Amino acid sequence: MSGEGLAIRRMREGDIDDVMAVEQGSFSSPWTRDMYLREIRKAEGCYLVARRGEELAGYCGALLILDEAHVMTLAVRGDLRRRGIGARLMLELIERMEGMGARFLTLEVRRSNRAAIELYSSFGFQIMGERMNYYLDNMENAYIMWTDDITAPPYRERMRALRERYAYAV
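Parameters at a glance
- Residues numbered from 1 in each chain as written.
- Predicted model: local features only at pLDDT ≥ 70, side-chain atom pairs only at ≥ 80, totals over all residues.
- Heavy atoms only, no water.
- Buried < 20%, exposed > 50% of the residue type's maximum accessible area, 1.4 Å probe, protein only.
- Helix = DSSP H or I, 4+ residues; strand = E, 2+ residues; numbered from the N terminus.
- Arc of directions from axis to C-beta.
- Contact = heavy atoms within 4.5 Å.
- Phe/Tyr/Trp six-rings, centres within 6.5 Å; stacked < 30°, edge-to-face > 60°.

A separate point is helix H4 (residues 114–122). Restricting attention to buried positions, one finds in H4 the residues Ala-116, Ile-117, Leu-119 and Tyr-120. With its buried residues spanning 160° around the axis, H4 presents them on a single face. Lining the buried residues of H4 we find strand E4 (68–76), helix H3 (85–99), strand E5 (104–110) and strand E7 (140–146). Looking at the residues trailing H4, positive phi occurs at Gly-124, about 90°.

Have a look at this one:
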């Protein structure tokens, strides 16, 4: 896979088998194939895949609820983590969700998932609360994270800087 660029596009039904392989290697309570099939068909949803050549590098997705985009999932294949792929996916997801009418972003993340919290924080997410016993596999709490208005000039500047920083991430 070295030397191949990263292509990000909407998730399609044909991507689901590859998504499931990464999903099962990334989460202790993975989504099912049927869950993904339902999600990618929702008009208020935006699910993306990142591919290097033919191989899936990662994926993400969000749902728009009024003017809030709820980030539902983000995963990068284990051997490709910490290379900026998750950030590239988030950049694309945020831009697309803003285009759908989002002004704010929210998500839940495991308290123990320091790498994810660090990534989300770089995108301006702040811990605004906690959901107790949110993850049923081990009853771990989840942080609730929110951004400020993504259409405001300070957030646009953050996105510009992040696009520049991750322009060549693969």
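Here we take up the packing of aromatic side chains. For the coordinates displayed, the defined rule picks out five aromatic pairs. Ring geometry for Trp-31 against Tyr-47: centres 6.5 Å apart, planes inclined by 55°, an arrangement best described as tilted. Of the two residues, Trp-31 is situated in the loop between helix H1 (16–26) and helix H2 (33–40) and Tyr-47 in strand E2 (residues 45–52); the sequence distance between them amounts to 16 residues. Arranged with centres 5.9 Å apart and planes meeting at 90°, the rings of Tyr-36 and Tyr-59 form a pair that is edge-to-face. Pair noted here: Tyr-36 is in helix H2 and Tyr-59 is in strand E3 (residues 55–65), with a separation of 23 residues, a long-range link. One exposure class covers both Tyr-36 and Tyr-59, and it is buried. Site record: aromatic cluster; members linked through ring pairs are Trp-31, Tyr-36, Tyr-47 and Tyr-59.

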